[in-house]
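# A structural walkthrough
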Amino acid sequence: MSCCDDEAGLLSLEQALATLVSEAVASKAIEQVAIEDVLGRVLAQDIVSSINVPPANNSAMDGYALRWQDYAANKALPVSQRIAAGNIGEALQAGTVARIFTGGEIPPGADVVVKQEDTRQAGDKVMILNTPAVGDHIRPAGQDIRAGAMLVAKGTVLSPRHIGILASVGCAMVPVYQRLHVSLVNTGDELVMPGEVCGAGKIYNSNYFTMRGFLLRLGCEISSVTALADSADAVYDALLQASQETDLVITTGGVSVGEEDHVKHVVGQLGQIKLWRLAIKPGKPLAYGDIQGTPFIGLPGNPVAAAVTFLLLAKPYIRGLQGASYQPPQATPVIADFTTKAAKRQVFLRANVSLEAGKMYATPLVNQSSGALSSTVFSDGLLVVPAGASVAKGDVLDFLPYSVLE
Ligand code: AMP
Ligand code: MG
């Protein structure tokens, strides 16, 4: 069978994604990790606050705290105490004010803060210039977070914002899933690493670096084989070992139908291929299955195809294995300023977008080769052309910016 005559029976991206997402279940144990080290980790339990934030009423301004009833126009009041943030005052003496600073706890008895800009010094007393209202410039206890409030849900990938909120309720150790350990195996006799001599017949291994970067961003631990020989024995040994030592095996290359493509065949021997070949361009030869029970994703060797299939399929799958809740990438509607003939497969064009008179237009790059990795750097994202659809100028298409996909 040749690789290109059979476009029938290919799985749609939607079908493949549905299978991958449904099979990707949290596979790692929960560990308690110091809050300093949980950036990008996946939260393993809902976090509920056990405290009020702020814990007590405090001042939102530098100024003076007083009893509202002690205010009278043109009446100067003595300063009876000084309360800086971090200190607690005493009960406020009637007929006096407390000098208070932002974050300082409101002393018992006071029910209003007057900001210092609204006061005038009168000897050692203070004159209030505008009529205050009860509660002015006081941040009540629990205004930000109430004790018992649900803060961050299980399955959240922790960002600096989430970590900040966990810190604000005093959470020092955070329950997260253990890191997913991924094997990254790049097949190809032609591959050499940057820093090595790129001799006759050789090319630099770019997939290793693209995939490694994506995996690091996902918080994975990585074990790599950077240039696995195109031989059935070498592929067999490497995949068997990878499946025994890690939680997920990702390969690049060798999943097409050439004689030098051993990956799919070997996975079939060691385990099973559950799906292979998708109705997408680039990325048709993607394979998914398991090697003796360890999940396996075979990405195409062509660098654009590898990157596109990683972002569209491997990333959501990895998120599932990590225990993260699946969030499909949000596409932006854009207007085509080009025409194309219909293709049988769903096409992901590397395209640039520009805003003109409030409308977003998309222009695909001229070079759409799945081997032209530069197209991913010279474009803003992927423009989605549905299978079987021709495009006319003015058509509205979905656009997936790299900033959303990555
Ligand atoms: P394959 O899927 O192994 O037939 O590879 C398809 C194309 O992608 C070939 O032109 C390979 O040389 C190229 N390719 C495969 N792996 C890599 C890699 N790691 N880095 C750069 N190009 C690659
Ligand atoms: Mg190859």
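Further up the page is the structure itself.
### Quick notes on helix α5 (residues 263–270)
- Taken residue by residue, α5 has V263, V266, V267 and L270 as its buried positions. Buried residues along α5 cover an arc of 100° about the axis, so they all sit on one side. Of the exposed residues in α5, those oriented more than 90 degrees away from the buried face are H265 and Q269.
- Buried residues belonging to α5 abut β13 (181–187), α4 (232–245), β17 (248–252), β18 (271–276), β20 (287–291) and β21 (294–299).

### A few points about the nonpolar core
- With 42 residues, the main nonpolar core has L248, I250, I297, F310, L313, I318 and F348 as its most contacted residues.
- Looking at this core, the elements that each hand over two or more residues are α1 (13–23), β13, α3 (207–217), β17, β21, α6 (303–322), β25 (381–385) and α8 (402–405).
- With twelve residues, α6 is the largest single contributor of residues to this core.
- With residues up to four places along the chain from it excluded, the contact list for I250 reads V182, S183, L184, V185, L215, I297, L299, F310 and I318.

### What to know about unusual backbone geometry
- In this chain, V53 is followed by P54 through a cis amide linkage whose omega measures -10°.
- Turning to its location among the elements, P54 is positioned in the loop between β2 (47–48) and β3 (58–59).
- The amide bond that connects K281 to the next residue, P282, takes the cis arrangement and shows omega of 0°.
- Along the polypeptide, P282 turns up in the loop between β19 (280–281) and β20.
- For R277, which is not glycine, the phi torsion reads 75° and is therefore positive.
- Structurally, the position occupied by R277 is in the loop between β18 and β19.

### Details of the packing of aromatic side chains
- For the structure shown, the criterion picks out three aromatic pairs.
- Over the face of the ring belonging to W276 we find K264, whose NZ or CZ atom lies 4.1 Å from the ring centre.
- Here R277 stacks its cationic end above the ring of W276, 5.2 Å away from the centre of that ring.

### Remarks on the site of ligand 1
- Of all residues adjacent to ligand 1, which total 14 residues, the nearest are E190, N205, S206, G254 and G301.
- S206 has a polar backbone atom sitting 3.1 Å from a nitrogen atom of ligand 1.
- Take N302: an N or O atom from its main chain is 3.2 Å from an oxygen atom of ligand 1.
- Within the shell around ligand 1, the residues separate by chemical class into four nonpolar, eight polar and two charged.

### Section: the packing of α4 against α5
- Orientation of α4 relative to α5, taken along the N-to-C sense of each, is 55°, at an axis distance of 9 Å. Accordingly, the angle class assigned to the pair α4 and α5 is oblique. Here α4 runs over α5; the crossing is right-handed. Residues A232, V235, Y236, L239 and L240 of α4 lie in contact with α5, whose contacting residues are V263, V266, V267, Q269 and L270.
- Residue composition of the contact of α4 with α5, by class: nine nonpolar, one polar and no charged.

### Topic: the packing of α1 against α6
- The interhelical angle for the contact between α1 and α6, taken along N-to-C directions, is 15°, at an axis separation of 8 Å. Put simply, α1 runs roughly parallel to α6. Crossing of α1 over α6 shows right-handed handedness. Contacts between α1 and α6 involve L13, A16, L17, L20, V21 and E23 from the former and L312, L313, P316 and Y317 from the latter.
- Its residues assigned to classes, the contact of α1 with α6 comprises nine nonpolar, no polar and one charged.

Rules used in this analysis
- Within each chain, residues carry numbers counting from 1 in the order of the written sequence.
- Labels follow written order: the first chain is A, the first ligand is 1, and so on.
- Local features in this predicted model are restricted to residues whose pLDDT is 70 or higher, and side-chain atom pairs enter the listing and the counts only when it is 80 or higher, whereas totals over whole chains, interfaces and linings include all residues.
- Excluded from the side-chain calculations are hydrogens and water; all other atoms, namely the structure's heavy atoms, are used.
- Relative accessibility decides the category of a residue: with a 1.4 Å probe and only protein chains considered, values under 20% of the type maximum give buried, values over 50% give exposed, and everything between is partly exposed.
- Here a strand is any run of E in DSSP of at least two residues, a helix any run of H or I of at least four, and the numbering for each starts at the N terminus.
- Throughout, the arc means the angular range of directions from the helix axis out to the C-beta atoms.
- What makes two residues a contact is simply this: any of their non-hydrogen atoms within 4.5 Å.
- The set of buried Ala, Val, Leu, Ile, Met, Phe, Trp, Tyr and Cys residues whose side-chain atoms join them within 4.5 Å is what this entry labels a nonpolar core.
- Stacked, tilted and edge-to-face are the three classes applied to pairs of Phe, Tyr and Trp rings, where Trp contributes its six-membered ring and a pair requires centres within 6.5 Å; stacked means planes under 30 degrees apart, edge-to-face means over 60, and tilted covers the rest.
- Should the NZ of a Lys or the CZ of an Arg lie within 6 Å of a ring centre and within 35 degrees of the ring normal, that charge is described as sitting over the ring.
- Put simply, a residue is near a molecule or strand once any heavy atom of it comes within 4 Å of that molecule or strand.
- The term polar contact refers here to a pair of N or O atoms within 3.5 Å; inside protein, the definition further demands a hydrogen-donor-capable atom paired with an acceptor-capable atom, and it admits residues adjacent in sequence only when both atoms are side-chain atoms.
- As a working rule, the residues Ala, Val, Leu, Ile, Met, Phe, Trp, Tyr, Cys and Pro are called nonpolar, Asp, Glu, Lys and Arg charged, and the rest polar, with Gly in that last group.
- Only the stretch in contact is used when a helix axis is fitted, and all axes are lines through C-alpha atoms; the angle between N-to-C directions ranges over 0 to 180 degrees.
- Roughly parallel refers to an angle under 35 degrees, roughly antiparallel to one over 145, roughly perpendicular to one between 65 and 115, and oblique to any angle outside these ranges.
- The crossing is said to be left-handed when, going from far helix to near helix, the turn is anticlockwise and less than a right angle, and right-handed when the turn is clockwise.

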